[in-house]
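Chain by chain, the residues:
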There are 2 protein chains.
Amino acid sequence: MNDEHALVERLRARFATDDPAVRVGIGDDAAVVRFSGDAVLTVDVSVEDVHFRRAFAPLDVIAERAFHAAASDIAAMAARPTCALISLVLPEGFAEDELDALLRGLARASSALGTPIVGGNTSRGPSIAISTTVMGTATAPLLRSGARVGDRLYVTGATGDRALGLEVLLRDATATIAPELREAASAFANAWRTPRARIAEGLALSGIATSAIDLSDGLAKDLHRVVEASGVRARVFADALPFGPSFDASAHALGLDATTIALEGGEAYELLFTMPADATLPFAAIAIGEIVAGAGVVVVEGGVERVIGPRGFDHLRSTSGSKPVQSSHLADLPTSKRRKGCRD
Amino acid sequence: MNDEHALVERLRARFATDDPAVRVGIGDDAAVVRFSGDAVLTVDVSVEDVHFRRAFAPLDVIAERAFHAAASDIAAMAARPTCALISLVLPEGFAEDELDALLRGLARASSALGTPIVGGNTSRGPSIAISTTVMGTATAPLLRSGARVGDRLYVTGATGDRALGLEVLLRDATATIAPELREAASAFANAWRTPRARIAEGLALSGIATSAIDLSDGLAKDLHRVVEASGVRARVFADALPFGPSFDASAHALGLDATTIALEGGEAYELLFTMPADATLPFAAIAIGEIVAGAGVVVVEGGVERVIGPRGFDHLRSTSGSKPVQSSHLADLPTSKRRKGCRD
């Protein structure tokens, strides 16, 4: 990696595309992409020792994960991703095969999502940071603000599996957890490693759903965003939260509460959406609640309503919080060995 | 900065826009911008202790600089910037007033360039990284590949002033340089702090110039990119390189060669462009050479032609190089005090 020119050539070869909309790809000052309509734009960053640790997954999987996490925002807008730009910060001494792995993972996600990588940028820096910009197109962008009283509340998949998987990875728990839970714990860890942007689901919701958001910061917090933007209240049925006995048992074995993780665990990268009660679901989704008049979020459990705050992942949160799932955010944990002793 | 929600509100207020093309700005999963034509897309990152040190400029100036550096790529495509996304990585303990300064600088650049910031992302990380995605629109994107034999070669401004300014800052030379050079040295340092994307010039070149590139990695290296992409040779007249006696004297005082800096110094953020000899310059630019048949770049000095390689700034270059201007790249220097002792 001693030559920027060679690197650009490598990126160009790795991310080659025959998409006719891409008029100029990697290699000029900027990319040129033919486009018409509403451009849907998002950027997301994945930082080493904040969003991931190298021990948690091979670098190709880390990169693939970062791309899907960024594209998940496009899915939540009921948009189709059209192209992406990647800005890579890489530490000194980053090896050729490590770079290969990163590019391979990005190429895999790009290919799976039909989203050519048309430009990028590399820089040296203190640790790995993968910043992914995704542009998409939407005929009717789906916002957070459209939830209406009477709507049903759905998720496209498990809300806590990936957060539990992160707990497993943080504690290296597949080695220490009870043998009968090891397989389940591994599966949760693997779920954390492999989120998939719900593009098809998002597109299928266009014109049907009234609001959507991608679950990145936890159901509680993201749902608060929807009800605030929409001026409504949400009732979540605790019994409807999608998790099974192995989730319950694994959480318990880690000293965590399953419902709390399902409500507050981050990085689910599923869609949370609302739909009129009489509309037909365009795919199998999980009904978890309803929209009513008022404000805030309540969880209904055993007939009792409990108001819950917007807890959950917060990438810039102070370290004062101490709830188990909140503290699972990497940035709130002691820095990894690599950086030990580097604090000011 | 203890609450992401408050931060988003702050970004929303700070970057509010009345641009009618912006249908959804900061605050949803993604931005929605009405767009039609050729989307010109670029991303650029500015990393602490790689691209800047905090001692070199106030944070608002650092942020403003990062935005203009990114937009400079849009200028080089003869495109008009339409919107931007900002991804901020901020270290733990980053203060409120520091964040204020960053946002103020970004807002200033956004406003000066008429380019609303429609989305973004914040994350904690080991040091400041400002990743700026800019989308633009072009009727006839200007590429690197259009230079033709017989064309004249121009730059929009000084090619070495900012690189010399960086040298001044790296050596803290305004304090140590001869008194009669202090004012000049300060001016070069200030030039480094305040690049301005040459948007108007880029737009004026549309349909007239045959090729363009923004000078970020040094004239020699960037010109090599143009001649390679175009399949031609460039002749640069050393006497035509735009620098005066104070540049010469300041470079000399720092033990550097003025012509070398003008040829190889990075971060000029001027446009280098080619135009047919019979075309009329749409603004005052500096003719520095011509395009001839062949390959590579030659510098003509005192009637002697000297072939020069693609030297200059390389953001991922190994540390083996030892030429003065090459070594001015921050990443090649000893790490700053903040990170001393943190290398593996």
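Structure: above.
Quick caveat: nothing in here was measured; it's all calculated off a predicted structure.

The rules we used
Residues numbered from 1 in each chain as written. Chains lettered and ligands numbered in written order. Predicted model: local features only at pLDDT ≥ 70, side-chain atom pairs only at ≥ 80, totals over all residues. Heavy atoms only, no water. Helix = DSSP H or I, 4+ residues; strand = E, 2+ residues; numbered from the N terminus. Buried < 20%, exposed > 50% of the residue type's maximum accessible area, 1.4 Å probe, protein only. Contact = heavy atoms within 4.5 Å. Areas by Shrake-Rupley, 256 points an atom, 1.4 Å probe, with all protein chains shown as cover. Pairing = 2+ DSSP bridges. Axes fitted to C-alpha atoms, helices over the stretch in contact; angles between N-to-C directions. Salt bridge = Lys/Arg side-chain N within 4 Å of Asp/Glu carboxyl O. Phe/Tyr/Trp six-rings, centres within 6.5 Å; stacked < 30°, edge-to-face > 60°. Lys NZ or Arg CZ within 6 Å of the ring centre and 35° of its normal.

Asks: Teacher, can you tell me more about the overall build of chain A here?
Replies: Helix and strand counts for chain A come out as nine helices and twelve strands. A burial count over chain A gives 60% of its 344 residues as buried. Residue pairs at least 24 apart in sequence account for 84% of intrachain contacts in chain A once pairs closer than 6 positions are excluded. When the accessible surface of chain A is split by element, carbon and sulfur atoms take 50% of a total near 12200 Å².

Asks: What is the right way to look at the sheet that holds strand β11 (residues 296-301) of chain A in this model?
Replies: Residue and element names in this part refer to chain A. Spatially, the seven strands line up as an open sheet ordered β7-β9-β6-β10-β8-β11-β12, and their pairing is mixed. The open sheet has two edge strands, β7 (211-214) and β12 (304-308), and neither has a second partner. Direction aside, neighbouring strands of the sheet carry axes that sit 25° apart on average. As judged from the five bridges shared by β11 and β12, these two strands associate in the antiparallel manner. By the bridge assignment for β12, V300 is matched with E305. Relative to β7, helix α2 (residues 59-76) is tilted by about 175°, and along the sheet it contacts β7 and β9 (271-275).

Asks: What should I look at first to understand the pattern of salt bridges in this one?
Replies: A pair can form between side chains of opposite charge whenever their charged atoms are brought close. Inspection of every chain in the model, using the stated rule, returns 48 salt bridges over all chains. One salt bridge in this structure joins R311 of chain B and E264 of chain B, with 2.6 Å as the shortest N-O distance. Residue R311 of chain B is found in the segment after β12 (304-308), and its partner E264 of chain B is found in helix α9 (residues 258-264); the two are separated by 47 residues along the sequence. Within the structure, one salt-bridge network assembled from shared partners comprises D60, E64, R108 and R196 of chain A.

Asks: What is the right way to look at the pairing of strand β4 (residues 117-124) of chain B in this model?
Replies: Along any regular strand the residues' side chains alternate between the sheet's two faces. Residues and elements named next belong to chain B. Burial analysis of β4 places seven of its eight residues in the buried class, which makes it a mostly covered element. Relative to β4, strand β3 (residues 80-90) runs parallel, the two being bridged by seven bridges. Considered in β4, the bridge of S87 is made with N121.

Asks: What exactly am I supposed to notice about the packing of aromatic side chains here?
Replies: Two aromatic rings, taken as a pair, are described by how far apart their centres are and by the angle between their planes. All names here are of chain A. Inspection of every chain in the model, using the stated rule, returns eleven aromatic pairs over all chains. Aromatic ring contacts, followed pair by pair, group Y154, F273 and F283 into a single cluster. Here the guanidinium or amino end of R65 rests over the ring plane of W192, the centre of that ring lying 3.9 Å away.

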